[in-house]
Each structure stands twice: as structure tokens, then as C-alpha cells.
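This is what each chain is made of:
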Amino acid sequence: MTGGAVVVELGSGSSRKTPLLLDALAAPSVYVPVDISEQFLAESVAALQWRFPALNIVPVVADFTQISALPALARGAAGGRRLVFFPGSTIGNFVPDAVVGLLERIGAAVGRGAMLVVGAGSTGVQVASMFHAFGARVQLFEAGPRILPAEDEAVAAAVAAE
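Not measured: the values here are computed from a predicted model.

Novice: For this particular structure, what's the right way to read the packing of aromatic side chains?
Specialist: To describe a pair of aromatic rings, you give the distance between the ring centres and the angle between the ring planes. A complete count under the given rule lists 1 aromatic pair for this structure. Relative to Phe 86, the ring of Phe 64 has its centre 5.3 Å away and its plane inclined at 70°; by these criteria the two rings are edge-to-face. Note that Phe 64 is positioned in the loop between β4 (60–61) and α3 (72–75) and Phe 86 in strand β5 (residues 82–86), a separation of 22 residues in sequence. Each member of the pair, Phe 64 together with Phe 86, is buried.

Shown next, in the form of C-alpha cells:
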């Protein structure tokens, strides 16, 4: 992703995975962590601000499952790139209709054209398959040696080949 991107992380918690993403991006301009815990946000923002001093960090204390709006910065500049980072498995706790509602609210909050990155465990692969079925371009990635690390190797290989 090109420089100047806005990164929104849903359910950021301790932001343990966030530095991996921010290091991989070309100079993101804004990071918007969203979490229900004000304490987690304060602690993670302090650590991230120390590690990424040039990054504008705009924490949002909210239940991301009910998010309806984000600060204007989260929508980025006109034509700017926006990335929604959702690395956890929380989405697997929802029934399909609730997942659709959640994704619609996320889309409305960040605007059309944003990129959604969902963890590549079995639930993330299911969500990616749903997006692919609707015509979205999908790319799966995993920090480990293969996607679906907890699944049978033959199943993971077949999914990776798709």
C-alpha cells in the first residue's frame, strides 16, 4: 500500500500485531485503533507513538461491532487509501446475518474503496470466500509458513491454490 494510508484497526486491544502491519506499509499517515477498553488503548497508543513518532494516532473508544462513524481522519483525504485491519477471530463468533451487518457498518464508517484485512485462519478464509463470491479481489496471507495453520495440510494447500 502506498504512503499516506489511513489504517483502522478494529478491536485493537494490546495492538500486539499492529507493528508488523505498520512496518510493512509505506509510511502510513494515520492509525485509528478502535477498542472498547480505554486502558488498552492508552497503553498501546503510548507504545506505538514511541515506536512510530511521525504517525498520527487517533484512538477511538468504542465497541467496533456497533460502530457507525469514525473521526473524519479515518476516511482519509479524497482518493486516499484506507485499510481496515481485523486480525482476530472475533468475526467467527457471529452468525452469518450478523457478519453481513457488521461488514456493512464497517463499510459505511470507512467509506467505499477501503481495503479490509481479516486474519487468515479458518474464519478469515470463510470471510474472504464470501467477498470473492461477490466479485471482490481477495488476497490471503499468513505470517506463518502457510494459511490455515490449524487445518489439515492438504486442505490448506487446496485453499492456497484457489
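Novice: What should I look at first to understand the nonpolar core in this one?
Specialist: Across soluble globular proteins, nonpolar side chains show a tendency to be buried alongside one another. Core analysis: the largest hydrophobic core is formed by 23 residues, its most contacted members being Val 8, Leu 10, Val 32, Val 34, Leu 70 and Ile 91. Among the elements of the structure, β1 (6–10), β2 (30–35), β5 and α4 (96–110) are those that each provide at least two residues to this core. At 6 residues, the largest contribution of residues to this core is made by α4. Excluding residues that lie within four positions of it along the chain, Val 32 makes contacts with Val 7, Val 8, Glu 9, Val 58, Val 60 and Ala 74. Val 45, Leu 48, Phe 52 and Phe 85 belong to the second largest nonpolar core, which has 13 residues in total.

Novice: What is the right way to look at helix α2 (residues 38–51) in this model?
Specialist: For α2, which comprises 14 residues, the first-to-last C-alpha distance of 20 Å matches the rise-based estimate of 20 Å (1.5 Å per residue) to within 8%. Listed as buried for α2 are Leu 41, Ser 44, Val 45 and Leu 48. Looking straight down α2, one finds its buried side chains confined to an arc of 105°; they lie on one side. Exposed side chains of α2 directed beyond 90 degrees from the buried face belong to Gln 39, Ala 42 and Trp 50.

Novice: Can you help me understand the pairing of β1 in this one?
Specialist: The side chains of a regular strand alternate, residue by residue, between the two faces of the sheet. Of all 5 residues that make up β1, 5 are buried, and the element is covered over most of its length. Side chains Val 6, Val 8 and Leu 10 of β1 all project onto a buried face; the interleaved residues Val 7 and Glu 9 project onto the opposite face, where all are buried too. Examined bridge by bridge, β1 and β2 share 5 bridges and lie parallel to one another. Note on β2: the bridge partner recorded for Leu 10 is Val 34. Bridge count for β1 against β5 is 4 bridges, and the pairing is parallel. Considered in β5, the bridge of Val 8 is made with Val 84.

What counts and how
- Residues numbered from 1 in each chain as written.
- Predicted model: local features only at pLDDT ≥ 70, side-chain atom pairs only at ≥ 80, totals over all residues.
- Heavy atoms only, no water.
- Phe/Tyr/Trp six-rings, centres within 6.5 Å; stacked < 30°, edge-to-face > 60°.
- Helix = DSSP H or I, 4+ residues; strand = E, 2+ residues; numbered from the N terminus.
- Buried < 20%, exposed > 50% of the residue type's maximum accessible area, 1.4 Å probe, protein only.
- Core = buried A, V, L, I, M, F, W, Y, C linked by side-chain atoms within 4.5 Å.
- Contact = heavy atoms within 4.5 Å.
- Expected span 1.5 Å × (residues − 1).
- Arc of directions from axis to C-beta.
- Pairing = 2+ DSSP bridges.

Spatial relationships are all this shows, so hold off on functional conclusions.
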